[in-house]
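Coordinate analysis (summary)
Listed below, chain by chain, are the residues.
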Amino acid sequence: MNHVAAEARSLEGLSINFATVRQFGSFGAIVDACLAHGVTAISPWREHVAAAGVEEAARIVKSNNMRLTGYCRGGFFPAADKAGLEKALDDNRRAIDEAAALGSPCLVLVVGGLPKGSRDMPLARSQVADGLAAILPHARASGMPLAIEPLHPAYAADRACVNMLGQALDLCDALGDGVGVAIDNYHVWWDPDLEAQIARAGRNGQILAHHICDWLVPTQHILTDRGMMGDGIIDLKAIRAMIEKAGFKGPQEVEIFSSQNWEKRPGEEVLKTAIERYLTVC
Ligand code: ZN
């Protein structure tokens, strides 16, 4: 009994991103699996919420006393024409509404890369800044903080042209209240300025989420070959210590895209392994 209670307490610092255990299937099935293992914090994706219906998803969260650590995701602001830019803004406003309905502490933003056919990185980056500024009033009115997630530079063309924590924080500083960062170990572990930028984010209360997985050597695929914590080269405890020193004490969210490995294994095995690794190496 004491053992169970101790473990339940320590799992309060763990969140499961739905992408890690998508094999369980529906929103409700993933929540049930997490609860069965004592995990009470989650980070759902829009596809799971769309399939369940946002009201039903919110009911499942509330009736089970689950906490969200984020909602994935908004962003993808750059576009080749005005209609595309507007469409992205509308979609982001809907994502803000869904995140608010679910009681998420933030909406995670993968900001987008180059528009199709473009080689103009400065333009993409200015479209991101403009897009953020355009949705910010709605986010503020909804009480929904926006969490910019800087992605590894390998994603600059197709997923996110915000690639360093310092770059994301420059955007936050320019935009003002209601914007912060999601720090994902996978994307930032290599940054020589990491410790200083985490401290900077902490000073301004801009750390909204902490995502964890590991960087495998070699990495077979930049998107779909993320490692389980402990299987790669990221100093997980060192980065977590920087983040906690900077004042963020929220759960560590396990986010693993692994179509070659973990996604092929039973969800139960993935969840059990994630919990064990969280308790031992994070
Ligand atoms: Zn992430």
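Structure shown above.
In what follows, the accompanying structure is described. (Residues numbered from 1 in each chain as written. Predicted model: local features only at pLDDT ≥ 70, side-chain atom pairs only at ≥ 80, totals over all residues. Heavy atoms only, no water.)

Distances from the zinc ion to its protein donors, Glu149 (OE), Asp184 (OD), His211 (ND1) and Glu255 (OE), fall within 2.0 to 2.2 Å. Take Glu149: its relative accessible area is 3%, and that puts it in the buried class. (Donors = N, O, S within 2.8 Å, 3.2 Å for Na, K, Ca; no water. Buried < 20%, exposed > 50% of the residue type's maximum accessible area, 1.4 Å probe, protein only.)

Another point: unusual backbone geometry. Of note, the amide linkage connecting Cys72 to Arg73 takes the cis form, showing an omega dihedral of -10°. Examined against the element boundaries, Arg73 turns out to sit in strand β4 (residues 71-75). Backbone torsion omega between Val217 and Pro218 reads -5°, so that peptide bond is classified as cis. Residue placement: Pro218 occurs in the loop between β8 (207-212) and α10 (236-245). Its identity as a non-glycine residue notwithstanding, Phe76 has a phi of 45°, on the positive side. Within the secondary structure, Phe76 sits in the loop between β4 and α5 (82-102). (Helix = DSSP H or I, 4+ residues; strand = E, 2+ residues; numbered from the N terminus.)

An order of β3-β2-β1-β9-β8-β7-β6-β5-β4 is seen for the 9 strands of this open sheet, with the pairing classed as parallel. Whereas interior strands pair on both sides, the edge strands pair on one side only; in this sheet they are β3 (67-68) and β4. Across 3 bridges, strand β5 (residues 107-110) lies against strand β6 (residues 146-148) in parallel orientation. Note on β6: the bridge partner recorded for Leu109 is Ile148. Here helix α7 (residues 165-175) sits on the sheet in contact with β6 and β7 (179-184), set at roughly 165° to β7. (Pairing = 2+ DSSP bridges. Contact = heavy atoms within 4.5 Å. Axes fitted to C-alpha atoms, helices over the stretch in contact; angles between N-to-C directions.)

Let's shift gears to the pairing of β5. On a regular strand, one side chain projects to one face of the sheet and the next to the other, so that they alternate. A two-sided burial pattern is seen for β5, the buried positions comprising Leu107 and Leu109 on one face and Val108 and Val110 on the other. With 4 bridges connecting them, β4 and β5 associate as parallel partners. Paired with Cys72 across the bridge in β5 is Val108. Following the backbone out of β4, through α5 and into the adjacent parallel β5, one traces a crossover that is right-handed. In terms of handedness, the path from β5 via helix α6 (residues 121-141) over to β6 forms a crossover that is right-handed. (Right-handed = clockwise from strand over helix to strand, strands pointing away.)

Moving on: the pattern of salt bridges. Any two side chains of opposite charge can pair if their charged atoms end up close together. One pass over the full model with this rule turns up 12 salt bridges. We note a salt bridge from Arg22 to Glu47, for which the minimum N-O separation is 3.0 Å. Separated by 25 residues along the polypeptide, Arg22 in the loop between β1 (14-17) and α2 (27-36) and Glu47 in helix α3 (residues 46-52) bring together distant segments of the chain. Since its relative accessible area comes to 26%, Arg22 is described here as partly exposed. (Salt bridge = Lys/Arg side-chain N within 4 Å of Asp/Glu carboxyl O.)

On to α2. Buried residues of α2: Phe27, Ile30, Val31, Ala33 and Cys34, and no others. Angularly, the buried residues of α2 cover 160° about the axis, an arc narrow enough to put them on a single face. Along its buried surface, α2 packs onto β1, β2 (41-43), α3, α4 (54-63) and α11 (267-281). Looking one or two places after α2, you find Gly38, whose phi comes out positive at around 85°. (Arc of directions from axis to C-beta.)

On to the packing of α2 against α4. Contact pair α2 / α4: the axes reach a minimum separation of 10 Å and the direction vectors enclose 15°. Considering their axes alone, α2 and α4 lie roughly parallel with respect to each other. α2 and α4 meet at a crossing whose hand is right-handed. On α4, the residues touching Phe27, Gly28 and Val31 of α2 are Ala57, Ile60 and Val61. Of the residues belonging to the contact of α2 with α4, the class tally is 5 nonpolar, 1 polar and no charged. (Parallel < 35°, antiparallel > 145°, perpendicular 65-115°, else oblique. Left-handed = near helix turned anticlockwise from the far one by under 90°. Nonpolar A, V, L, I, M, F, W, Y, C, P; charged D, E, K, R; others polar.)

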